[in-house]
Amino acid sequence: MTELPDRRLLLVHAHPDDESINNGATMARYAAEGAHVTLVTCTLGERGEVIPPELAHLTGPALGQHRRRELNAAMAELGVQDFRLLGGAGRYSDSGMMGLPDNDDPGCFWQADVDEAAAHLVEVIREVRPQVLVTYDDNGGYGHPDHIQAHRVAMRAVELSAEAGRPIPKVYWNRAPRSVVEQSFARLREDLPGLPFGEAADVDDVPGVVADARITTAVDGTAHAAAKAAAMRAHATQITVSGPYFVLSNALAQPILTTEYYELVRGERGPGERETDLFAGVEEAS
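Residues numbered from 1 in each chain as written. Predicted model: local features only at pLDDT ≥ 70, side-chain atom pairs only at ≥ 80, totals over all residues. Heavy atoms only, no water.

Engineer: Whenever I open this one, the packing of helix α1 (residues 18-32) against helix α2 (residues 60-78) confuses me. Can you help?
Structural biologist: When two helices pack together, their arrangement is given by the angle between the helix axes and by the axis-to-axis distance. Interhelical geometry of α1 versus α2 gives an angle of 40° and a closest axis separation of 9 Å. Relative to α2, the element α1 lies oblique. Here E19, S20, G24, M27, A28 and A31 of α1 come into contact with α2, specifically with L71, A74, M75 and L78. Among the residues forming the contact of α1 with α2, the class breakdown is 7 nonpolar, 2 polar and 1 charged. (Axes fitted to C-alpha atoms, helices over the stretch in contact; angles between N-to-C directions. Helix = DSSP H or I, 4+ residues; strand = E, 2+ residues; numbered from the N terminus. Parallel < 35°, antiparallel > 145°, perpendicular 65-115°, else oblique. Contact = heavy atoms within 4.5 Å. Nonpolar A, V, L, I, M, F, W, Y, C, P; charged D, E, K, R; others polar.)

So this is what it looks like as structure tokens:
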């Protein structure tokens, strides 16, 4: 067995691009510091809305394969070498937005048996032995069925791993403190006349926005801001980046956060009022 670094981080995301938006700076920072960073992506986002007109012809499996290449490029920008598809390529497909007929496709992730899908993740956990797992909250951050299912699968895998004697010391959910998001949007609105975007999103459009008191951990990724922006640009079917801002297919501008925030939901909190390291309090072990 290949010897792994002392610090090992596992992130579970729904589609290619989610990892770069939510955790790009965190991933780049820990990869640069020598931690083993593993990304598990649950679908290829085959039902995503394509932004560039020249790529609008991409749909279904063709879009999925294109987004897989985008994911490869994004991981190169972040310095992450270990990234996988849950259960292997093609196991689960994108479920589309909540309430659409796409949700009923028997091959989509939303229809997956949670224990079966979690078993695939447990295989990764057994191999990588992460001390830290990051995923979404129980609403998936903003209510997308694949995000909700990613949360369910990740948390079930945490339970199954603990039952098998392989507990994960710390589990976090992606968050964004309301005060920081509001300040970032205030700057965005000041800058909006000089940007190629017509309108700003609403603060509540940002996935995982919560009261500041819910935030247990802030990871400063400022030194890796360029890597995060480059990774987001690599997901060109889904994201348009301009300076410190970006838009998705709804064309509503949002700030790119380079300090990324988390809520510790399982495990012992590290010292201090707010952690600055996801591995705070974790004993290093091979």
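Engineer: I'm lost on the sheet that holds strand β10 (residues 245-247) in this one. Help?
Structural biologist: Note on sheets: strands pair through backbone hydrogen bonds, and any given pair is parallel or antiparallel. Spatially, the 4 strands line up as an open sheet ordered β6-β11-β10-β9, and their pairing is mixed. Because the sheet does not close on itself, it has two edges, and the strands there are β6 (199-200) and β9 (240-242). Here β6 runs beside strand β11 (residues 252-255); their pairing, made up of 2 bridges, is parallel. Of the residues in β11, the one forming a bridge with E199 is L252. (Pairing = 2+ DSSP bridges.)

Engineer: Would you mind showing me how to read the pattern of salt bridges here?
Structural biologist: A side chain of one charge can pair with a side chain of the opposite charge when the charged atoms of the two come close. Tallied over the full model, the rule gives 16 salt bridges. Of the charged contacts in the structure, one is a salt bridge between E33 and R29, with a shortest N-O distance of 3.2 Å. R214 is the partner of E263 in a salt bridge, and the nearest nitrogen-oxygen pair spans 3.2 Å. Separated by 49 residues along the polypeptide, E263 in strand β12 (residues 259-266) and R214 in the loop between β7 (209-210) and β8 (217-220) bring together distant segments of the chain. Classification of E263 as buried rests on a relative accessible area of 12%. Ionic contacts of the salt-bridge type, sharing partners, join the residues D115, R156, E159 and R266 into one network. (Salt bridge = Lys/Arg side-chain N within 4 Å of Asp/Glu carboxyl O. Buried < 20%, exposed > 50% of the residue type's maximum accessible area, 1.4 Å probe, protein only.)

Engineer: Which parts of the structure should I look at to understand the UniProt feature "binding site: Zn(2+)" (unreviewed entry) in the chain?
Structural biologist: Residues annotated in UniProt with the feature "binding site: Zn(2+)" (unreviewed entry) correspond here to H15, D18 and H147. Annotated residues spanning 133 residues; largest pairwise C-alpha distance 9.4 Å, indicating a single compact cluster. Here D18 shows up in helix α1. For D18, a relative accessible area of 8% puts it in the buried group. For D18, the residues in contact, after removing those within four places along its chain, are H13, N23, Y136 and H147. Within the structure, D18 has its side chain in polar contact with the side chain of Y136 (distance 3.5 Å). By secondary structure assignment, the location of H147 is in helix α4 (residues 145-163). Residue classification places H147 among the buried positions, given a relative accessible area of 3%. With residues near it in sequence (within four places) discarded, H147 still touches A14, H15, D18, Y136, G140 and Y142. Within the local environment of H147, its side chain forms a polar contact with the side chain of D18, the two groups lying 3.3 Å apart. (UniProt positions renumbered as here; feature names shortened; annotations may be inferred. Polar contact = N/O pair within 3.5 Å; in protein donor to acceptor, adjacent residues only side chain to side chain.)

Engineer: Which parts of the structure should I look at to understand the environment of T41?
Structural biologist: Its location among the elements puts T41 in strand β2 (residues 36-41). The class of T41 is buried, set by a relative accessible area of 0%. For the pair formed by T41 and A150, sequence separation is 109 residues and the distance between their alpha carbons is 8.8 Å. When near neighbours in sequence (up to four residues on either side) are disregarded, T41 contacts H13, A14, H15, P16, L71, R84, L85 and L86.

Engineer: Looking at this model, I keep getting lost on the side chain of S95. Mind explaining?
Structural biologist: On the secondary structure map, S95 appears in the loop between β3 (82-85) and α3 (114-128). At 2.8 Å, the side chain of S95 and the backbone nitrogen of W110 are in polar contact. Apart from residues lying up to four places away in sequence, S95 is in contact with R47, D102, N103, C108, F109, W110, P145 and D146.

Engineer: Which parts of the structure should I look at to understand the state of the cysteines?
Structural biologist: The final tally for this structure, using the stated rule, is 0 disulfides. The thiol sulfur of C42 is not disulfide-bonded, and the nearest other cysteine sulfur, from C108, lies at 12 Å. (Disulfide = S-S within 2.5 Å.)

Engineer: Please explain unusual backbone geometry as it appears in this structure.
Structural biologist: Excluding glycine, residues mostly have negative phi values, and the peptide bonds linking residues are mostly trans. At D17, a position not held by glycine, the phi torsion is positive, near 105°. With respect to the element layout, D17 can be found in the loop between β1 (8-13) and α1. Judged by relative accessible area, D17 falls into the buried class, the value being 8%.

Engineer: I tried to follow the pairing of β2 on my own but got confused; where do I start?
Structural biologist: Looking down a regular strand, the side chains alternate between one sheet face and the other. Burial analysis of β2 places 6 of its 6 residues in the buried class, the great majority of the element. Burial of the side chains of β2 extends over both faces: H36, T38 and V40 are buried on one face and V37, L39 and T41 on the other. As paired strands, β1 and β2 are joined by 6 bridges and run parallel to one another. The residue of β2 that forms the bridge with R8 is H36. Between the parallel pair β1 and β2, the chain is carried across by α1, and the sense of this crossover is right-handed. With 4 bridges joining them, β2 and β3 adopt parallel strand pairing. Counterpart to T38 in the pairing with β3 is D82. Crossover β2 to β3 through α2 is right-handed. (Right-handed = clockwise from strand over helix to strand, strands pointing away.)

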